[in-house]
Amino acid sequence: MTQTTVDFTIQADPLPRLDKVLARDVPGDATLSRSRLGKLIADGAVQVDGAVVTDPRAKVAEGAQVSITVEEAQDSHIAAQDIALDIVYEDADLIVLNKPAGMVVHPAPGTPDGTLVNALIHHCGDDLSGVGGMKRPGIVHRIDKETSGLLVVAKSDAAHQGLAAQFAAHTVERRYLAVCFGMPDANDPRLRGVKGTSFEPGNILKVQTFLGRHKSDRQKQAVSFQTGRHAVTRVRIVETLGTPAVAALVECWLETGRTHQIRVHMAHCGHGLIGDPVYGGRQKLAEKSVGPAGVAAARAFPRQALHAATLGFTHPISGAFMEFAADLPADMLQLLQDLQHKG
């Protein structure tokens, strides 16, 4: 197996731990993430002044000579599968895709193949330079299986680090389109009484809570005001649906990106997404407002009506800001049409 050696000197004012100081001082063109460096330390691939050091907490002095042996990225254990992809943009470092509803992003128990990662390994082939020492795509964010829309995936370690840092800092622009029950409007006194909600100028609903695992159903997330992870969602009405209006096409954007965040926050506000099987998207619409076709369409919609429509980020290599948009898929367009009944 091919190996390369990365040699460098520890700079002034070294950090108190080996893993931290390596992450600070390792040459940028080595594209070794902190997690990758931790694994290399554990594997005995790091020498300090000629001696192997396997303790990530070891102290290192200024001027110490470091040598890291890095093996060529290995082929992934995940199978390559020839699955069609809707590619919006691609270059040597990353790829932006429009994921269809029904596709899982990453293999997991119960879904060992047929995923986006299986398809990407086949599509990218030798273009994957190795993320974390493995020739595999770098998944920096996910959308649920039954949510459609835009994802960015890293093809190199350097891109993976740069994108992950942007997601951690919440600087990535992500906007979703969703179809919800009711209208999240500032004129609704009920909504103004829901804890964690407020309105900003322009009739923009702000939902701010903590999110964590549901106490009794570990597959679900739940709103909390004491524990969990901070989560902020903003919502604006794009179009009201029905006469009189009983549903709405809304745009949701994330200040944070937590598991099921939009779905949980919308349900918390009493405006669950049509078709959501987990968070109560099976309310009944008034036939006088949307007609028989609208009632039937909402009842039969097979997934949460949620689409990742816009994605914007700074390219981790070039530094250029990039923004992409994906039109609503056919099933959501049909749902909108069925709900646009004029009484």
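Preceding block: the structure.
Residues numbered from 1 in each chain as written. Predicted model: local features only at pLDDT ≥ 70, side-chain atom pairs only at ≥ 80, totals over all residues. Heavy atoms only, no water.

Chemist: Got a minute to help me understand the layout of surface pockets in this structure?
Modeler: It is a probe the size of a water molecule, rolled over the atoms, that shows where empty space is left. Reported here for the largest pocket is a volume of approximately 930 Å³. If you trace the largest pocket, you find 29 residues lining it, with Arg 142, Ile 143, Asp 144, Thr 259 and His 260 closest to the centre. In terms of residues, the lining of the largest pocket owes the most to one element, helix α6 (residues 261–268), which gives three residues. (1 Å grid on protein atoms, 1.4 Å probe; cavity = no way out; pocket = protein on both sides within 12 Å on 5 of 7 lines; lining within 4 Å. Points joined across faces, edges and corners; volume = space filled by probe spheres on them. Helix = DSSP H or I, 4+ residues; strand = E, 2+ residues; numbered from the N terminus.)

Chemist: In this structure, what is going on with the packing of aromatic side chains? I would like to understand it.
Modeler: The relative placement of two aromatic rings is captured by the distance of their centres and the angle of their planes. Under the criterion given, the structure shown has two aromatic pairs. A cation over a ring is seen here: Arg 175 above Trp 253, with NZ or CZ 4.2 Å from the ring centre. Sitting over the ring of Phe 225, Lys 195 keeps its end group 4.5 Å from the ring centre. (Phe/Tyr/Trp six-rings, centres within 6.5 Å; stacked < 30°, edge-to-face > 60°. Lys NZ or Arg CZ within 6 Å of the ring centre and 35° of its normal.)

Chemist: What should I look at first to understand the nonpolar core in this one?
Modeler: For soluble globular proteins, nonpolar side chains are generally found buried alongside one another. With 34 residues, the main nonpolar core has Tyr 176, Val 250, Ile 262 and Met 266 as its most contacted residues. Sorting the residues of this core by element identifies β7 (94–99), α3 (116–124), β10 (148–154), β11 (173–181), β13 (204–213), β16 (247–254), α6 and β17 (306–314) as the ones contributing at least two each. Sort the elements by how many residues they give to this core and α3 lands first, with five residues. Ignoring sequence-local partners within four residues, the contact set of Val 250 consists of Tyr 176, Leu 177, Ala 178, Cys 180, Pro 184, Val 235, Arg 236, Ile 237, Val 238 and Met 266. If you look at the next biggest cluster of nonpolar residues, it comprises 22 residues, including Leu 22, Ala 30, Leu 32 and Val 53. (Core = buried A, V, L, I, M, F, W, Y, C linked by side-chain atoms within 4.5 Å. Buried < 20%, exposed > 50% of the residue type's maximum accessible area, 1.4 Å probe, protein only. Contact = heavy atoms within 4.5 Å.)

Chemist: Would you take a moment to explain the sheet that holds strand β4 (residues 65–71) for this structure?
Modeler: By definition, the strands of a sheet pair up through backbone hydrogen bonds, in either a parallel or an antiparallel sense. Spatial ordering of the open sheet is given by β1-β4-β2-β3, a layout of four strands whose pairing is antiparallel. Either end of the sheet is taken by a strand with one partner, and the two such strands are β1 (3–9) and β3 (51–52). Relative to β3, strand β2 (residues 46–48) runs antiparallel, the two sharing two bridges. Counted as the bridge partner of Gln 47 is Val 52 from β3. Sitting on the sheet, helix α1 (residues 18–25) is in contact with β1, β2 and β4, with an inclination near 95° to β1. Running at roughly 95° to β4, helix α2 (residues 34–42) makes contact with β2 and β4 of the sheet. (Pairing = 2+ DSSP bridges. Axes fitted to C-alpha atoms, helices over the stretch in contact; angles between N-to-C directions.)

Chemist: How do you make sense of the environment of Arg 34 when you look at a structure like this?
Modeler: Assignment of secondary structure puts Arg 34 in helix α2. Look at Arg 34 and you get partly exposed, because its relative accessible area is 48%. The spacing of Arg 34 and Pro 14 is 20 residues in sequence and 16 Å in space, taken between C-alpha atoms. Look past the residues within four positions of Arg 34 in its chain and what remains in contact with it is Asp 19, Lys 20 and Ala 23.

Chemist: Can you help me understand the pairing of β4 in this one?
Modeler: Sheet faces and side chains relate simply in a regular strand, where the side chains alternate between the two faces. Two strands pair when backbone bridges link them, and β1 and β4 are joined in this way by seven bridges, in the antiparallel orientation. If you follow Asp 7 over to β4, its bridge partner there is Ser 67.

Chemist: Which parts of the structure should I look at to understand α6?
Modeler: The periodicity of an α-helix, 3.6 residues per turn, causes residues three or four positions apart to be oriented the same way. Most of α6 sits out of view: six of its eight residues are buried. Looking at α6, one finds that the buried residues are Gln 261, Ile 262, Arg 263, Val 264, His 265 and Met 266. Buried residues along α6 sit in contact with β11, β13, β14 (221–224), β15 (229–241), β16 and β17.

Chemist: Mind showing me how you'd approach helix α7 (residues 287–300) here?
Modeler: Taking 1.5 Å per residue as the helical rise, α7 with its 14 residues ought to reach 20 Å, whereas the 15 Å between its terminal C-alpha atoms falls clearly short. At Ala 293, α7 shows its largest kink, close to 70°. Every buried residue belonging to α7 is among Ser 289, Val 290, Gly 291, Gly 294, Val 295, Ala 297 and Ala 298, and all of these are buried. Close packing links the buried residues of α7 with α8 (330–339). (Expected span 1.5 Å × (residues − 1). Bend = angle between axes of the 7 residues up to and from the residue.)

Chemist: Could you clarify how one ought to interpret the packing of α7 against α8 in this entry?
Modeler: The relative placement of two packed helices comes down to the angle between their axes together with the axis-to-axis distance. It is at 7 Å that the axes of α7 and α8 come closest, and there the two elements cross at 150°. Classified by the angle their axes make, α7 and α8 are roughly antiparallel. Relative to α8, α7 is oriented so that their crossing is left-handed. Within the contact between the two elements, α7 uses Val 290, Ala 293, Gly 294, Ala 297 and Ala 298 and α8 uses Leu 335, Asp 338 and Leu 339. Split by residue class, the contact of α7 with α8 holds six nonpolar, one polar and one charged. (Parallel < 35°, antiparallel > 145°, perpendicular 65-115°, else oblique. Left-handed = near helix turned anticlockwise from the far one by under 90°. Nonpolar A, V, L, I, M, F, W, Y, C, P; charged D, E, K, R; others polar.)

Chemist: Just to check I follow, could you spell out the pattern of salt bridges for this structure?
Modeler: Oppositely charged side chains can pair when the atoms bearing their charge come close. Applying the stated criterion across every chain, the model contains 14 salt bridges. A salt bridge links Glu 173 to Arg 175, with the shortest nitrogen-to-oxygen separation between them at 2.7 Å. The class of Glu 173 is partly exposed, set by a relative accessible area of 28%. Across the salt bridge formed by Glu 255 and Arg 234, the nearest N and O atoms sit 2.8 Å from each other. (Salt bridge = Lys/Arg side-chain N within 4 Å of Asp/Glu carboxyl O.)

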